[in-house]
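Commentary on secondary and tertiary structure
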Amino acid sequence: MPPTRAAAATTDGYRRRLIDLRDATALAVAALLDDVDLDAGPAGVTRSLVRWRERATTITVAAGERASALTVAYLSAYLVASGASPTSAIVPEATPDPSLLRTVRPALLYRLGQGTGRTVAMRTATATALRGARETVGRAAVTTLADGIRLEPQITGWQRVTSGRCCSRCAVLAGRVFRDNEGFDRHPACRCSHEPTVLGRAEAFRRQSPTVVAP
Ligand SMILES: [Zn+2]
C-alpha cells in the first residue's frame, strides 16, 4: 500500500503506460501476420513465418527494453512521491526474452495440419502472437521491478496491485505484504505488478479492492 495519494497515482500512471505499451506491441506484432502468405507452398510459408518472427522479435524486444526503462523511472518517482529519496543503487534493466514468439509457427502449422481451415489456423497464430508479445513485455517489466525492489535499501517489501478486475487468486494475493526478496507469482496474461513498501513510511493510502471476474 502506498504511503501517499501521489505515490498511488504514480503507480497507476506507470501501470497504464505499461499496459498500453504491452497491448500496442501485441497488436502490431499480430498485424504483421497479415504478410504471411498461406498460398506460397510449404517452403514459402516457412520463409514468411521466419521473416515474421524476425520483425516481431525486433518490435517486442524494443518494447520490452522500453518497459524496463519505464520501470526504473517509476521506482525512483514512486520513492520521491512517498517522501523518500532513492539511493544511488543501480537497477539493472531486464533483457527481454522473445523466445515465446517461437511458438507461433508450430501453432499455425499444427492447425493447418489438422485440416481445420486457414481461418482457424490464423486465429490460433494471432492469439499465440498476442500472448507471446504481451508476456515478453510484461516479464521484462516485472523482472526489472523485482530487481529494483530487492536492490533499493529504502524498499522493504511490496504489495500486489491488480487491475480493477482480476482473478480470485490475484485478488487474495493483493491483500498480503511480501518481503523485498519474495518472488512474484504470475499467470499467463496477468496484469498485476509490485508496489513497493517504503522504509519508515506508514501505508496510509488504501486501494479499492478489485472486482473478481474469474476463479
Ligand atoms: Zn490473476
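Throughout this description, residue numbers start from 1 for each chain and increase along the sequence as written. Restriction of local features to residues with pLDDT of at least 70 applies here, the model being predicted, together with a cutoff of 80 or more for giving and counting side-chain atom pairs; totals for whole chains, interfaces and linings are based on all residues. The side-chain figures draw on all heavy atoms in the structure; neither hydrogens nor water molecules are used.

A word on the packing of aromatic side chains. Classification of ring pairs uses Phe, Tyr and Trp, with its six-membered ring standing for Trp, and accepts pairs whose centres are within 6.5 Å; under 30 degrees between planes counts as stacked, over 60 as edge-to-face, and the remaining range as tilted. According to the stated counting rule, one finds four aromatic pairs in the structure shown. Aromatic side chains Tyr14 and Tyr74 sit 4.2 Å apart centroid to centroid with 5° between the ring planes, which places their arrangement in the stacked category. Of the two residues, Tyr14 sits in helix 1 (residues 5-31) while Tyr74 sits in helix 2 (residues 41-81), which places them 60 residues apart along the sequence. Assigned by exposure class, Tyr14 and Tyr74 land together as buried. We count a stretch as a helix when DSSP gives it H or I for four or more residues in a row; a strand needs E for two or more, and each element gets its number in order from the N terminus. Accessible area is worked out with a 1.4 Å probe on protein chains only. A residue is then buried under 20% of its type maximum, exposed over 50%, and partly exposed in between.

Using a grid of 1 Å spacing that covers the protein atoms alone, one calls a set of points a cavity when a 1.4 Å probe fits there but cannot get out, and a pocket when the set is open and has protein on both sides within 12 Å along at least five of seven lines; lining residues are those with an atom within 4 Å of a point. Grid points are joined across faces, edges and corners, and a volume is the space filled by probe spheres set on the points. Within this structure, the stated rule accounts for one cavity of 30 Å³ or more. Estimated volume of the largest cavity: approximately 90 Å³. Lining the largest cavity are 14 residues; nearest its centre among them are Leu18, Arg22, Arg191, Cys192 and Ser193. Of all the secondary structure elements, the ones that give two or more residues to the lining of the largest cavity are helix 1 and helix 4 (118-151). Among the elements that line the lining of the largest cavity, the one with the most residues is helix 1, at five residues. Amino acids outside the nonpolar list (Ala, Val, Leu, Ile, Met, Phe, Trp, Tyr, Cys, Pro) and the charged list (Asp, Glu, Lys, Arg) are all regarded as polar, and Gly is one of them. For the lining of the largest cavity, the per-class residue count stands at eight nonpolar, two polar and four charged.

Right, let's talk about the layout of surface pockets for a bit. Within this model, the largest pocket holds a volume of roughly 340 Å³. If you go around the largest pocket, you meet 16 residues; those closest to its centre are Ala174, Arg207, Gln208, Ser209 and Pro210. Element by element, the count of residues in the lining of the largest pocket is highest for strand 1 (residues 155-161), at three residues. Of the residues that constitute the lining of the largest pocket, the class distribution is five nonpolar, seven polar and four charged.

Attention now goes to the pattern of salt bridges. For salt bridges, the criterion is a side-chain nitrogen of Lys or Arg within 4 Å of an Asp or Glu carboxyl oxygen. Per the counting criterion, the structure on display carries ten salt bridges. Measuring nitrogen to oxygen at the nearest pair gives 3.0 Å for the salt bridge that ties Asp12 to Arg207. Of this pair, Asp12 sits in helix 1 while Arg207 sits in the loop between strand 4 (193-198) and strand 5 (211-214), and the two are 195 residues apart along the sequence. A residue is classified by how much of its surface remains accessible, and Asp12, at 30% relative accessible area, is partly exposed. When the shortest N-O distance is used, the salt bridge between Arg55 and Asp35 registers 3.0 Å. Of this pair, Arg55 sits in helix 2 while Asp35 sits in the loop between helix 1 and helix 2, and the two are 20 residues apart along the sequence. In this structure Asp35 comes out as partly exposed when scored by relative accessible area, which is 47%. In the salt-bridge network here, residues are joined through shared partners; they are Asp12, Glu195 and Arg207.

Okay, the coordination of the zinc ion next. For Na, K and Ca the donor cutoff is 3.2 Å, while for all other metals N, O and S atoms must lie within 2.8 Å; water is not among the atoms, so some sites may look incomplete. Surrounding the zinc ion are the protein donor atoms Cys167 (SG), Cys170 (SG) and His187 (NE2), at 1.9 to 2.3 Å. Ordering the donors of the zinc ion by residue number gives the pattern C-x2-C-x16-H. Pair noted here: Cys167 is in strand 2 (residues 165-167) and His187 is in the loop between strand 3 (177-179) and strand 4, with a separation of 20 residues, a long-range link. Cys167 gets classed as buried once you look at its relative accessible area, which sits at 14%.

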